[in-house]
Amino acid sequence: MSAWRRLPGKARSAAGLLTSTRVTERLWDPRAPSTCSQSLSTSGSSRNDYLKDLQAQLAGMRKKAADVLPSSSWTSLEINTGLPPKRVDIVIVGGGVVGWSIAYWLKKKEKYSQASTVLSAGGIRQQFSLPENIHLSLASADFMRNINEHLGVLNEEPVDLQFNHSGYLFLANEKVAHIMEENYNTQRLAGAKVSLLSPTQLKERFPWIDTDGVALASYGLENEGWFDPWTLLNAFKRKAISLGVTQFCGEVTGFKSITNVLTTVDDEKVGIKRIKSVKVQMPNSLQYQPVDCAIVVNAAGAFSGKLAEMLGIGLGPKDSFSGIPVPVEPRKRYVYVVHCPDGPGLDTPFLIDYSGVYFRREGLGGTYITGVSPEEGEEPDTSDLEVDHQFFQDKVWPKLASRVPAFEKLKVSSAWAGFYDYNTFDQNGIIGVHPLINNMYFATGFSGHGLQHSPAVGRAVAELILDGSFQTLDLNNFGFKRILEQEPMLERNIV
Amino acid sequence: RQWISSSASRPPLVSRLLLFLTQRFYDVEMLISWKSNFKRSLGLVWSCCDVWVSSDFRFVGQSDWFRANRRGKFSWDFLQFKNTPLEEVDMSHTLVNYTGLTNLATQKQLRTLRLRGCPEIDDWFLARLHIFQDSLEELDISECPRITTGGLVALRNLKGLKLLNVSSLPRVSSPGLVIILLEEMLPQCQITAEGYNHSLRGADEEDMESRKSLNV
């Protein structure tokens, strides 16, 4: 405690000030020889300084004494306030739009870096082949139409998704035209507003398309277009936080669980796990916090499979349920921003060709974003988010230019990459509880349409957790049953 | 609903006190949101009556409009034409919104729709107008405060449109560019767009010419 030591020194020099004529002080206090000579000429102001100094020292000592007493908040150990609490009800792993949507709906009912949400192209469409997917999109569009009623926070700015109502345009060749017709019927039955166009009608409607090879086109009239994913994520986050959800940053590195061994009808022993706590490691540090919880929601997007592996899903013997992994893995997709001054105008839809190439307008200045899903065997490496520009030259541009001749002259202004939470089994979402883990709810595997389904999926998972079953939309077909029984439910309109 | 703008002067003491309490107590927040919900639902009820009384319409084959006269009285003669489709509807300055459009959905011969200065009309309403894509020829959505560029894009389906009025839309950014793009999108349509301050910086002559050609 240096304050103690310093005080007698000051007292000594004070004595020197008061008896400034005594020269012997110089020998007595060797540490401060100069103060004596200074004090000879400026005794008045230095006395004031000395008094102020003394007061400051005393105040400091008083504060230190008060801190040491039990009622203060100071401790000699460093506390990291970023640690999650020791005990919570529900832990949601994954801070993207699906995770925050679930958080918002859970609270309502009582009441990012690598996140795919903000790297998304931001489109929403009802042109799917499965009725469940169509209903999810319609419900989400409904939610977005009334977004300020749902996510408006008192005295804050209203939410503006910057929704462009441009619609999606799917093109089909001879081979898949019949699938498109079937899908059209399913979509109309489910309530989506879609229209079919023949090649002549297509050419009349969009003169900039080269209709060579196109047999049929499907065009969305309402509730389709694109919006700003960042705004939606932040709106969910803001409202959920205002309802009482707390956010913590960290990485889940493990779980603590107990296993109940049950015997099946065929006298086999099956271990059903129940998660007791989640081990959350702080960013850039070895410090971690085990968080006790009742329920865990896996909304970790592209990394959901890895998360489930921490509980042993997929690591068991090959012919048992625990040997079937959660079939979600990251798949890297590139999005390129191109500029073309003579490109299509304001009514450019989100065009998706049967070859897989897609593009949409961005802004009003002749900018478009485009990309294509790679072939099955040519998936890029997923260890980072680096963009392969050669891919654009080889795979995207030729197909794009053949469909829209104006795009023969364009310039790539920028590009980015993001991960799809790709469901390798059937490219559809997995929503529900895993049979081998009692309290882990999954909401993942949407393979590129997680963002557009996030409001409806969030509501569905909240109903599942709090009411025990789906209430508004029946999504039982998206459960784990189809994966464990190896019966895929394919979505045929995946981009 | 309150839009907070940074340039607003300091609100009165009562509002500030309420805001202070709202941010600290959930009960106060709930009470305040009840109050705004109550006002809004009152507004909805009132607006249903309001829309009915203040909108004007004309039937196919008739040349007279049915309007409320100066004292607000509405003639009941229109009931004679219960089964005749509507041709022109003027709902300017009413509180009609997306849900209200359901009432007009059956009118497949609607040619004119006037919605000047309607505060509840937003982009989603415009997207729903595709139900009139075969018949609509004239649309007036000027002075509607909630329409943005994303909603004007939704007019892409109205291929039969001949007259469009998009004057004074406060939330449309870069109106000059948007109007030119709209012209390209709807080549058969005459677009009226007044009340915009096309700030004359640089391309002066081009702006003046485009404005002249639009106001034909």
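To start, this report covers the structure provided alongside it. No experiment lies behind these values; they were computed from the predicted model shown. (Residues numbered from 1 in each chain as written. Chains lettered and ligands numbered in written order. Predicted model: local features only at pLDDT ≥ 70, side-chain atom pairs only at ≥ 80, totals over all residues. Heavy atoms only, no water.)

1. Some thoughts on the overall build of chain A
Applicable threshold: Per the convention used, a helix needs a DSSP run of H or I reaching at least four residues, while a strand needs a run of E reaching at least two, with both numbered from the N terminus. Burial classification: accessible surface area is computed with a 1.4 Å probe over protein chains only, and a residue below 20% of its type maximum counts as buried, one above 50% as exposed, and the rest as partly exposed. In short, Shrake-Rupley with a 1.4 Å probe defines the accessible areas, and a residue's cover is counted only from the protein chains shown.
The secondary structure content of chain A amounts to 14 helices and 17 strands. For chain A, the proportion of its 495 residues judged to be buried stands at 48%. About 24,100 Å² of surface is accessible on chain A, with carbon and sulfur atoms providing 53% of the total.

2. A closer look at the overall build of chain B
In terms of helices and strands, chain B carries six helices and six strands. If you list the helices and strands of chain B from N to C, you get α-α-β-β-β-α-β-α-β-α-β-α. Accessible area for chain B stands at about 13,100 Å²; split by element, carbon and sulfur atoms hold 55% of it.

3. Structural notes on the sheet that holds strand 13 (residues 357-362) of chain A
All names here are of chain A. Going by this rule: In short, DSSP must find at least two bridges between two strands for them to pair. In this analysis, axes come from line fits to C-alpha atoms, helices being fitted only over the stretch in contact, and the angle between any two N-to-C directions falls in the range 0 to 180 degrees.
Here eight strands make up an open sheet; going across it, the order is 4-5-3-12-13-14-11-15 and the pairing mixed. Strands at the two margins of the open sheet, each flanked by one partner only, are strand 4 (194-197) and strand 15 (411-423). Recorded for the sheet is a direction-independent mean angle of 20° between the axes of neighbouring strands. One ladder, built from two bridges, connects strand 12 (residues 350-352) with strand 13; its direction is antiparallel. Bridge pairing links Ile 352 to Tyr 358 in strand 13.

4. Structural notes on the interface of chain B and chain A
Our working rule: Only heavy atoms matter for contacts: two residues are in contact if any of them lie within 4.5 Å across the pair. Each of two parts loses accessible area, computed with a 1.4 Å probe, when they are put together; buried area is these two losses added. Only one rule defines a salt bridge in this text: a Lys or Arg side-chain nitrogen within 4 Å of an Asp or Glu carboxyl oxygen. Whenever two N or O atoms come within 3.5 Å, that pair is a polar contact, provided that in protein one can donate a hydrogen and the other can accept it, and provided that, for residues adjacent in sequence, both atoms are side-chain atoms.
Contacts between chain B and chain A engage 32 residues on the former and 29 residues on the latter. Roughly 2,800 Å² is buried in total at the junction of chain B and chain A, and carbon and sulfur atoms are behind 59% of that figure. Area buried by chain B at its contact with chain A is led by Trp124(B), Val153(B) and Arg156(B), which between them contribute 27% of it. Counting across the chain B and chain A interface gives one salt bridge. We note a salt bridge from Asp160(A) to Arg171(B), for which the minimum N-O separation is 3.4 Å. One can count twelve residue pairs in polar contact (both at pLDDT 80 or more) joining chain B with chain A.

5. Some points on the pairing of strand 1 (residues 90-93) of chain A
Residue and element names in this part refer to chain A. Taking every second residue as pointing to the same face, the buried face of strand 1 carries Val 91 and Val 93, while none of Ile 90 and Ile 92 on the other face is buried. Relative to strand 10 (residues 295-298), strand 1 is paired through four bridges, and the arrangement is parallel. Counterpart to Ile 90 in the pairing with strand 10 is Ile 295.

6. Structural notes on the packing of helix 5 (residues 97-109) of chain A against helix 13 (residues 450-467) of chain A
Residues and elements named next belong to chain A. Just so we agree on the cut-off: Each angle gets one of four labels, with under 35 degrees taken as roughly parallel, over 145 as roughly antiparallel, 65 to 115 as roughly perpendicular, and the rest as oblique. By the definition used in this description, the sense in which the near helix is turned from the far one sets the handedness, with an anticlockwise turn below a right angle giving left-handed and a clockwise turn giving right-handed.
Between helix 5 and helix 13, whose axes approach to 8 Å, the crossing angle comes to 40°. With respect to helix 13, the axis of helix 5 lies oblique. As helix 5 runs across helix 13, the sense of the crossing is right-handed.

7. What about a negative patch on the surface?
Residues and elements named next belong to chain A. Quick note on the threshold: The patches described consist of residues with a relative accessible area above 30% and no salt bridge, like charges being joined within 9 Å and nonpolar side chains (Val, Leu, Ile, Met, Phe, Trp, Tyr) within 5 Å. For the charge count, each Lys or Arg is scored as positive and each Asp or Glu as negative, with His and the chain ends excluded. Every charge is mapped to an atom, namely NZ of Lys, CZ of Arg, CG of Asp or CD of Glu.
Together, Asp 266, Asp 267, Glu 268 and Asp 319 line one region of the surface with negative charge. Relative to the assigned elements, Asp 266 resides in the loop between strand 7 (251-263) and strand 8 (269-281). By relative accessible area, which is 62% here, Asp 266 ends up exposed.

8. Examining the environment of Asp27(B)
Tracing the backbone shows Asp27(B) in helix 2 (residues 26-54). With 135 residues separating them along the chain, Asp27(B) and Lys162(B) place their C-alpha atoms 53 Å apart.

9. Here we look at the environment of Tyr219(A)
Residues and elements named next belong to chain A. Following the sequence through the fold, Tyr 219 ends up in strand 5 (residues 216-220). Along the chain, Tyr 219 and Leu 169 lie 50 residues apart, while their C-alpha atoms are 4.5 Å from each other. One polar contact links Tyr 219 to Arg 205, side chain to side chain, over a distance of 3.4 Å.

10. Observations concerning the sheet that holds strand 7 of chain A
Residue and element names in this part refer to chain A. Reading across the sheet, the three strands line up as 7-8-9 and stay open at both edges, with antiparallel pairing between neighbours. Every other strand in the sheet has two partners, leaving strand 7 and strand 9 (288-292) as the edge strands with one partner each. Across the sheet, the axes of successive neighbouring strands diverge by a mean angle of 35°, strand direction being ignored. As paired strands, strand 7 and strand 8 are joined by twelve bridges and run antiparallel to one another. Among the inter-strand pairings, Leu 262 is bridged to a residue of strand 8, identified as Val 270.

11. A few points about the environment of Gln452(A)
Residue and element names in this part refer to chain A. Position of Gln 452 among the secondary structure elements: in helix 13. When residues no more than four places from it in sequence are discounted, the contact partners of Gln 452 are Gly 123, Ile 124, Arg 125, Phe 128, Ser 137, Ser 140 and Met 144. Here Ser 137 takes part through its side chain, which lies 3.4 Å from a polar atom of the side chain of Gln 452.

12. Observations concerning helix 13 of chain A
Stated formally: We define the bend at each residue as the angle formed by axes fitted to the 7 residues ending at it and the 7 residues starting at it.
If you look at helix 13 of chain A, its biggest bend is around 45°, right at Ala456(A). At the C-terminal side of helix 13 of chain A, Gly468(A) shows a positive phi close to 90°.

13. A closer look at unusual backbone geometry
Glycine aside, the phi torsion of most residues is negative, and most peptide linkages are trans. All names here are of chain B. The backbone of Ser 168 shows a phi angle near 50°, a positive value even though the residue is not glycine. Examined against the element boundaries, Ser 168 turns out to sit in the loop between strand 5 (163-165) and helix 5 (175-185). For Ser 174, which is not glycine, the phi torsion reads 40° and is therefore positive. With respect to the helices and strands, Ser 174 occurs in the loop between strand 5 and helix 5.

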